[in-house]
Structure formats: structure tokens, C-alpha cells
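Structural overview for review
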Amino acid sequence: VADQDDLTVADSRDAVTELWAIARAVEDGAAVVAARRDVDNDLRFTVAASHCGEAADELQRAHPGIWHAAHPHGFAVDFLRTPIDDATRVLLAALGDGIASFDVDDLRLTPADLLAAGTAATWLAMAYHAISGRLP
Amino acid sequence: VSVADATYRELIDAAFSAAGRASFALMRHRFVDGQQAREAVAAYRDLLDAVRVHAHYLNPLVRREGPASDTSASDPVASSDTPLFARSIAMLAERGRRSFPAMNRESLPEVALLWRRAATSLRASQDLLDTHRSPDFGWRSPDAWLVDHAKPQAAATESLAGFLRAIAGSGQALALRAREVDRTIDCTDILDSAALRLAAASLTHYAHKTAGVPALDELRAIREAQSLRIDGQPLSSAVNAMNELRQQAWEHARSGHVSIRTIGVYAALATSVYQHAAVIAVAGAARAAQLHLGTDPAATSAQLQRSSQQSIAAAHSWGQVRRMCARLKTTAVPHPEIYELLLAVRADLATVTRDRSDWRQASLMLPDADVAHRVFTAVHELVASLEEISAWHQNAVARLAEAGQLYIAASDVDREQISDDHTLAAALLTRKPIPLPQRQTAELLEAFAHADGASWSAARTETRSDSVSRLRRPAFSRMREMYREAGRPNVGL
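Position labels on residues start from 1 in each chain and follow its written sequence. Chains and ligands are labelled sequentially in the order written, the chains with letters from A and the ligands with numbers from 1. For this predicted model, a pLDDT threshold of at least 70 governs which residues receive local features, and a threshold of 80 or more governs which side-chain atom pairs are given and counted, while totals over whole chains, interfaces and linings are taken from all residues. Hydrogens and water molecules were not included; the side-chain quantities draw on all heavy atoms of the structure.

**Notes on the overall build of chain B**
Convention followed: Starting at the N terminus, helices and strands are each numbered in turn, a helix being any DSSP run of H or I of at least four residues and a strand any DSSP run of E of at least two. Type-normalised accessible area, obtained with a 1.4 Å probe on protein chains alone, sets the label of each residue: buried when under 20%, exposed when over 50%, and partly exposed for intermediate values. Every residue pair with non-hydrogen atoms within 4.5 Å of one another is taken to be in contact. For accessible areas, the Shrake-Rupley method is used with a probe of radius 1.4 Å. Any residue's cover is judged against the shown protein chains and nothing else. Neither His nor the chain termini are counted; the positive set is Lys and Arg, and the negative set is Asp and Glu. Every charge is mapped to an atom, namely NZ of Lys, CZ of Arg, CG of Asp or CD of Glu.
In terms of helices and strands, chain B carries 20 helices and five strands. In terms of its C-alpha atoms, chain B occupies a principal-axis envelope of roughly 95 × 60 × 40 Å. Residues classed as buried in chain B amount to 54% of the 493 residues present. Pairs at least 24 apart in sequence give 81% of the contacts found in chain B among residues at least 6 apart. Accessible surface computed for chain B: about 21500 Å², of which carbon and sulfur atoms make up 51%. For chain B, the distance from the average position of its 57 positive side-chain charges to the average position of its 55 negative side-chain charges is 1 Å.

Structure below.
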């Protein structure tokens, strides 16, 4: 389940917008999982959702209109019904992919973009840590 | 951009980029051993120290009073009287530590290298600002006042606070990463990033007390500013020479031995530059439609016509000042290098505007839109420098007049004045210079005031012609405009 196909890229986006879309998607997904009755430790998902919100906020500070240009990624799983372990793997894969796939050498990135993206990546890593207990 | 050529903003941006890359490097690579982890922690603490020192440097109050001597760093809300800035500094001081890499650069983990690079850029940006100051915090350049001004400081502090907020979270991630390989590494203080976030918030809050103007962003090191070489562009020699003249004029106007003869050379310079600027503006007005200058070529043409008229008025005013200065006597030694720089400016302008003894046709002067933009940008720089020089010299002449240091040959005084004053008659007989009489002094000061006003009008018109030229220092222009409007054009002197 937890492979890259779970990330549905609707259109071509620049690196910062892509990172924002992932952060928002995982924020929503983790919040849904955290609210499920069958989750043992809902706090780790709540904290992860919060960290992803911080990541998205960080990018939105650099680009206030980013939410006009992008939509959160859609996942190929239904977080309300997918088994918790599978849902966890999807969320972790999305976070790991978001951090790993960001092209820091993209010449279109301004220094402020890079700094904001780096901070957002740190928040995503902390979300990963909140869910899994370790860094990506 | 090399460190030597960089502006303050470019160095800060280099720190931003390096810190952003470091965050990704930290998340993508694990440490192979405890030594690498320790190097990364040391590099992070070194970066925090660079932020602290830079924030401290940007704030003159804290610099004078010492770094938060009365502050409880562990309890930032303990004292409501403690300045926000000092609290931030104290929290940074607890976590930051100056250090140097213990390993070869090749062996350092990427994240440590990048944090070291960010710290180096921050320190270099401070060194850049420091080149404008003398060791006792005096001023060494006409831009030094910006370093001590609250508005540029506030803008730079806000930027630094944003940087600190961004790197605050990296400490937490670093501590977790380091403990993957060695749980004994001393990093518990950075594991909780809340304190650093609070420090960043305090810095931001402090910076917001003043409406910032990012004029420091445009500064280069003084050595580079003096001899900034802009080559391969139209009028590059003129701009280079004018940069040197600007520095020399500022030093001259501040010195205790102001020479009216030197001021007269600058008046000749202004006359010449404004004449050429007027011709170039007229050519631009004629070519605006063909070259599609600006978003509305008709409006651009009208604006360039106005600019030309302002330049003609300024040239006339400075011509009058130059003639009045030429009649005055001085024992001051002339500065041939200033005259040579004047000739360099004039010669370079002539390469654009003149064909031997004739003015060049507009189509040859401004053959295409690209050349036109470059020429107008260069002219804008020349006129902007003249506006400052004008203000400084008006102030210098007022000082000379007040001190009774203006002299004239008795033969140049009206016969009526000589008849009324026997000392003037005696001076005429002995052919000695006499103090400039009150009426002529008033006329001279009035001529300077008129010429300075014309310079400001010409510079302001040029500033608003941004559709045909690019402002090299827009924030600085805002600062000048602010002080002109406040009636303090000689700020920074």
C-alpha cells in the first residue's frame, strides 16, 4: 500500500507548492486517523497533524497565496476504513517522500523559499517522528 | 557573487539557502558515528552564536549596555522590565557557542558543513557592515548612517528573527538524530525548541516596534563601494568615477578644512552631468514610442520631457554656483584627483551624447530599448549621487559662511560697498582678499539652496522614471526622500 502510487499528482507544481500539498494532505489524513475509535494511540496522529499544519503554515508565510495554486494531495486509501497499520504506512511514506523528493538544487527556488522549505521539512520529519517514534 | 562583491542581502540570502539545505540534509542522512553527530551539534551551536552576535550588532542599545546583564535567561518572563531584545540575546547565549570544526572538512557531515557555511555568511554580513564604521563606531562612508539608523536595523532584525525561527526547529531534529548514534551527546537544551522560538518571536516583536526600511540589504563593503567596478555597461566609467567622487565629497564636507575651490569643482561636475542628463532625457522622450519605453510610451515621453527640464534647471543653478565659487579666494590646496574624476565622468558621458562638437542624434544615442534602459539607469545613479553631494556641500558652505571663512578679492566687490567701508578700501589698495561681505554671502547661500532644491527635483523626477530605468538602491532612495521631506537633507554627514 505504502508506495509512491498513493500520491496522486493532479498537475505539475513547483517544489514548494508540492511540499505544501503533501503537508496539507498528511495533516488531513492524520487528523482523520486520530479521530477513529479503533486507534490505540490517537495522540501521535493528532501531534503529527499539528506538525504538518505547522509545515504548511511555514510555506504559506513565504507564499501567502499558495492555497490558491494548490490542493492537498488525494490519497488512494480511505483513512476512515483502511486498517490502522496500512494507514500509518501511507502517511509515513507520504512524509518520507515529501522530504526526499524536494529538489534543493531547483534554480527557481529563492533563498527564502529554501529556508521555508527546510523548516517545513523539519516539521514533516517531526510528524514522522510523532507517528513512528523515529526520524525518517 | 563572491563574498567581496556581495551585498548585505546576498550574504544573508546565502545563510538562508545554506540553512534550508541543512534541514533537508539532516532529514535525509543519518550520522555514521558519534563524532559526526558531535560535529553537527557544534556547527548548530556555532550558527546560533552567529545569530546572537549579529542580532546584538544590529541593536546599538544592547551593544552599549552589555548583553542582558540584568536578564534571567532561564525564565524569560521573570522580569517584565527586561527588554525583549535582551531576552532573545540571553536565550541564544545559553545555547550558542562559537567553535571551529574539529574534523577535516571532507569528513564533516553535510549538515555540519552547511550550518558552518550559514554561520560564515552571517558573520561576513556583519563584517560588511563593519567596514562602514571605524573601530570607535564612527562613520567611514556616506552610507554608514544607515548602519546606525533604527529603520534599516529593524528591517535587518526582522529578517534575522525569521531566520532564527526557521532554524529553531532544526535543533530538536538534530538532538533526536544525534541520539540515534550516541545518547551521551550534550544537546538536551536544544531538544526543546520552544525557547528558541520564543527568542525569535521576541526579536520579531522588537523589530516591529519600528517600521523597517531594508536599506542595509543594498549595502556593499566600503572598499567595494568606493571602487565598485561596473564594467561593460554604458557609462560604467562615469558611474565608477562618481562612486569615488561621492566618497571624497562626503569626506571633504565632513572635514575641518572645507575648500570652496573643491566645492566649485563639484559645482562644475553637477553642471556638466545635468546638461548631459537633459540631452539624454530629450533623446529618450523622442525615442519612447519607437523603443516602447515604459508601459505607456506617451506618458514615458512626457515624463522624460519633465526630467529634461528639471535637469536643465539644475544645470543652470549649478552653473551659477560655479561662477560664484570661482570668484572666491582660498588658500586651500586644490585636489587634482577630484578634477580628474570630473573629467572622467564628463568624457564618458560625451561618448554617449557627443559626436565631436555636436550632440549625437537620438537614434544613435539610444539605438535600442536595452541600451536605453542601461543608459537611463546609469544616469539615474549619477543624478542620485549628485543629490547627496549637493546636500553635503550646501551644509559645508553654510559652515564656512558662519565661520567667516569665505573670502573674495577686494577688486570684485561693488564700488558702493568699498566707499562705505574703509577697511575694504585698504584691502583693495593692498590687493588682499577680504571676508565675503554679508550681501554676497547671502546671495551665495541662496544660490546653493536653489541649486540643492533643483538637484532634489531632478533626482526625484529620475526616481519616478522607474519605467525606463532600474533603481539600484530603492530602499536608500526612500530613506533620502524621508529626510528631504523632514528638512534634513544632509543626514549622514
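**Section: the packing of helix α4 (residues 84–95) of chain B against helix α9 (residues 194–208) of chain B**
All names here are of chain B. The criterion, for reference: Fitting a line to C-alpha atoms yields each axis, with helices limited to the stretch in contact; the angle taken between N-to-C directions then spans 0 to 180 degrees. Should an angle fall under 35 degrees it is taken as roughly parallel, and over 145 as roughly antiparallel, whereas 65 to 115 is taken as roughly perpendicular and any remaining angle as oblique. Here a crossing is taken to be left-handed if its near helix is turned anticlockwise relative to the far helix by less than a right angle, and right-handed if that turn runs clockwise.
Running from N to C, α4 and α9 cross one another at 150 degrees; their axes reach a closest spacing of 8 Å. Put simply, α4 runs roughly antiparallel to α9. Here the hand of the crossing between α4 and α9 comes out left-handed. On α9, the residues that touch L84, F85, S88, M91, L92 and R95 of α4 are A195, L196, L198, A199, S202, L203, H205 and Y206.

**A closer look at helix α11 (residues 236–254) of chain B**
The criterion, for reference: What a helix is expected to span follows from its residue count: subtract one and scale by 1.5 Å.
Relative to the 27 Å expected for 19 residues at 1.5 Å per residue, α11 of chain B spans 27 Å between its end C-alpha atoms, a close match to the ideal helical length. Buried residues dominate α11 of chain B, accounting for 14 of its 19 residues.

**A short note on the side chain of D143 of chain B**
All names here are of chain B. Filter applied, for reference: Each polar contact in these results corresponds to two N or O atoms within 3.5 Å; when the atoms are within protein, one needs to be able to donate a hydrogen and the other to accept it, and residues that are neighboring in sequence are counted only if both atoms are side-chain atoms.
Relative to the assigned elements, D143 resides in the loop between α5 (110–130) and α6 (144–147). Note on D143: relative accessible area 4%, which makes it buried. Within the structure, D143 has its side chain in polar contact with the side chain of R473 (distance 3.1 Å).

**What to know about the pattern of salt bridges**
Residues and elements named next belong to chain B. The criterion, for reference: The term salt bridge refers to a pairing of a side-chain nitrogen on Lys or Arg with a carboxyl oxygen on Asp or Glu at a separation within 4 Å.
In the structure shown here, the tally under the stated rule is 33 salt bridges over all chains. The partner of E94 in a salt bridge is R95, and the shortest N-O contact between them spans 3.4 Å. The structure contains a network of salt bridges with shared partners spanning D46, D49, R52, R98, R116 and R123.

**Brief notes about the sheet that holds strand β4 (residues 407–409) of chain B**
For clarity, the cut-off: Strands are treated as partners if at least two bridges between them are detected by DSSP.
Pairing is antiparallel in the open sheet, where three strands are placed in the order β1-β4-β5 (chain B). A single partner strand is all that each edge strand has here, and the edge strands are β1 (328–329) and β5 (433–435) of chain B.

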